[in-house]
Amino acid sequence: CIILAGPAAKGNRIIELRSISVDHPRSRSRSSLTILAFGAARLGRRQVTERKEHIDSSTRTAVDEFALGEKIAEARDPVIVTHRHADRDAVGAAVGVANLLEAPASICFPAGPTADAQPLLAGYETVDNADQLPHDAMIVVDAPSTDRIAPVQVRTPLFLFDHHPSSDLESLANAALVDEAAGSTSELVYRVARTCRWNVSPAAALALVTGVFDDTN
């Protein structure tokens, strides 16, 4: 049950916005989510609608995070691909994902990373074309479109983390978390880790924090 509290006023009442049945990807069970708002008796229709839409969006996002986390965790030989000339957010997201997964992951940087992002890669082996690597899953971070990861050829299953306006990679992906409101792709990787209750190692935390601080306005 989610309770939204508004300003106290004489004649306050409880308004049930809606009940939502939610599929929980990990338990495969369904639960009912009842949303209540405490507010003045004259709570406007627009306010109710805005609050309902916000809760609906948050619920969908949490389900997306679970679904993406579950799928990439199944990969046994994943390759992580960034956009061309990867900045610190792209590199941070890639290194973060590589550290979060149990399976060993390869990282591909088309055209290489930028100079200021290279220190994050100390100790990591990287390539500039994922076609050189055998893999059973492709995870793209911080790139919305196929032209941004060229010359890498898209392979399926394809999974995507991105905070740019949606483009063709989202439509090609088997599962995706695309949120333009996020300040960075590294933030999205952390949100999946938090939602899935994964252990965030010091190496993953450093990479993700660097990406968040570098790309968030």
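Counting of residues starts from 1 at the beginning of each chain's written sequence and follows it residue by residue. Owing to the predicted nature of the model, reporting of local features is limited to residues with pLDDT of at least 70; listing and counting of side-chain atom pairs is limited to 80 or more, with chain, interface and lining totals taken over all residues. Excluded from the side-chain calculations are hydrogens and water; all other atoms, namely the structure's heavy atoms, are used.

### With respect to helix H2 (residues 88-100)
The line we're drawing: A run of H or I in DSSP counts as a helix once it spans at least four residues, and a run of E counts as a strand once it spans at least two, with each numbered from the N terminus. One fewer than the residue count of a helix, multiplied by 1.5 Å, yields its expected span. For every residue, the accessible area (1.4 Å probe, protein chains only) is compared with the maximum for its type, and the residue is labelled buried under 20%, exposed over 50%, or partly exposed between those bounds. Any two residues whose heavy atoms approach within 4.5 Å at even a single point are treated as in contact.
The end-to-end C-alpha separation of H2 is 18 Å, in line with the 18 Å expected for 13 residues at 1.5 Å each. Most of H2 sits inside the fold, with 11 of its 13 residues counted as buried. Listed as buried for H2 are Asp89, Ala90, Val91, Gly92, Ala93, Ala94, Val95, Gly96, Val97, Ala98 and Leu100. In this structure, the buried side of H2 is in contact with strand E4 (78-81), strand E5 (106-108), strand E7 (137-141), strand E8 (158-162), helix H4 (185-195) and helix H5 (202-215).

### Some points on the pattern of salt bridges
Heads up, the rule is: Definition used for salt bridges: Asp or Glu carboxyl oxygen within 4 Å of a side-chain nitrogen of Lys or Arg.
Per the stated rule, a full pass over the model turns up 5 salt bridges. With a closest N to O distance of 3.6 Å, Asp116 and Arg88 form a salt bridge. On the criterion of sequence distance, the pair formed by Asp116 in the loop between E5 and strand E6 (126-127) and Arg88 in helix H2 is long-range, its members being 28 residues apart. The exposure class of Asp116 is partly exposed, given its relative accessible area of 41%. Two residues, Arg88 and Asp214, come together in a salt bridge whose shortest N-O distance is 2.9 Å. Residue Arg88 is found in helix H2, and its partner Asp214 is found in helix H5; the two are separated by 126 residues along the sequence. With relative accessibility at 28%, the residue Arg88 sits in the partly exposed group.

### Comments concerning the nonpolar core
Worth spelling out the cut-off: Nonpolar cores are built from buried Ala, Val, Leu, Ile, Met, Phe, Trp, Tyr and Cys residues. Side-chain atoms within 4.5 Å join them into one set.
Ranked by size, the top nonpolar core spans 36 residues in total, and within it Leu68, Val91, Val97, Ile139, Val141 and Phe161 carry the most contacts. Looking at this core, the elements that each hand over two or more residues are helix H1 (45-73), H2, E7, E8, strand E9 (175-178), H4 and H5. Among the elements that take part in this core, H2 stands out by supplying 8 residues, more than any other. If we ignore the near neighbours within four places in the chain, the residues touching Val91 are Ala86, Phe109, Pro113, Ala117, Leu120 and Leu121. The next biggest cluster of nonpolar side chains, apart from the first, holds 13 residues, and it includes Cys108, Ala130, Ile149 and Ala173.

### Overview of the pairing of E4
Remember that side chains alternate between the two faces of the sheet whenever the strand is regular. The cut-off we apply is this: The pairing criterion for strands is at least two bridges between them, as found by DSSP. Here a crossover is taken to be right-handed if, once the strands point away from the viewer, the path from the first strand over the helix to the second is traced clockwise.
Burial of E4 is two-sided: the residues Pro78 and Ile80 facing one way and the residues Val79 and Val81 facing the other way are all buried. Relative to E7, E4 runs parallel, the two sharing 4 bridges. When the sheet's bridge partners are listed, Val79 is paired in E7 with Met138. Pairing geometry for E4 and E5, over 3 bridges, is parallel. Bridge pairing in E5 places Val79 opposite Ser106. As a crossover connection, the stretch from E4 through H2 into E5 is right-handed.

### Description of H4
What counts here: Side-chain atoms alone can form a polar contact between residues adjacent in sequence; in general such a contact is a pair of N or O atoms within 3.5 Å, and within protein one must be able to donate a hydrogen while the other accepts it.
Counting buried positions along H4 gives 8 out of 11 residues, so the element sits mostly inside the fold. Residues Thr185, Ser186, Leu188, Val189, Arg191, Val192, Ala193 and Thr195 constitute the buried set of H4. Regarding H4, its N-cap is Ser184, as a side-chain oxygen of that residue lies 3.1 Å from the backbone nitrogen of Glu187 further along. Looking one or two residues past H4, Arg197 carries a phi angle of roughly 60°, positive in sign.

### Here's the deal with unusual backbone geometry
The residue after Ala150, namely Pro151, is reached through a cis peptide bond having omega 10°. Cis rather than trans, the peptide bond between Thr156 and Pro157 has omega equal to 0°. Residues other than glycine seldom take positive phi values, yet Ala111 does so here, at roughly 65°. Following the sequence through the fold, Ala111 ends up in the loop between E5 and E6. The class of Ala111 is partly exposed, set by a relative accessible area of 38%.

### Side note on the confidence of the model for the chain
Rule in force here: Confidence of the predictor in every single residue is expressed as pLDDT, which spans 0 to 100.
Summarising the model, the chain shows a mean pLDDT of 78, and 72% of its residues fall at 70 or more. Scored below 50 in pLDDT, residues 1-44 makes 82 contacts in the model with residues more than four places away or belonging to other chains.

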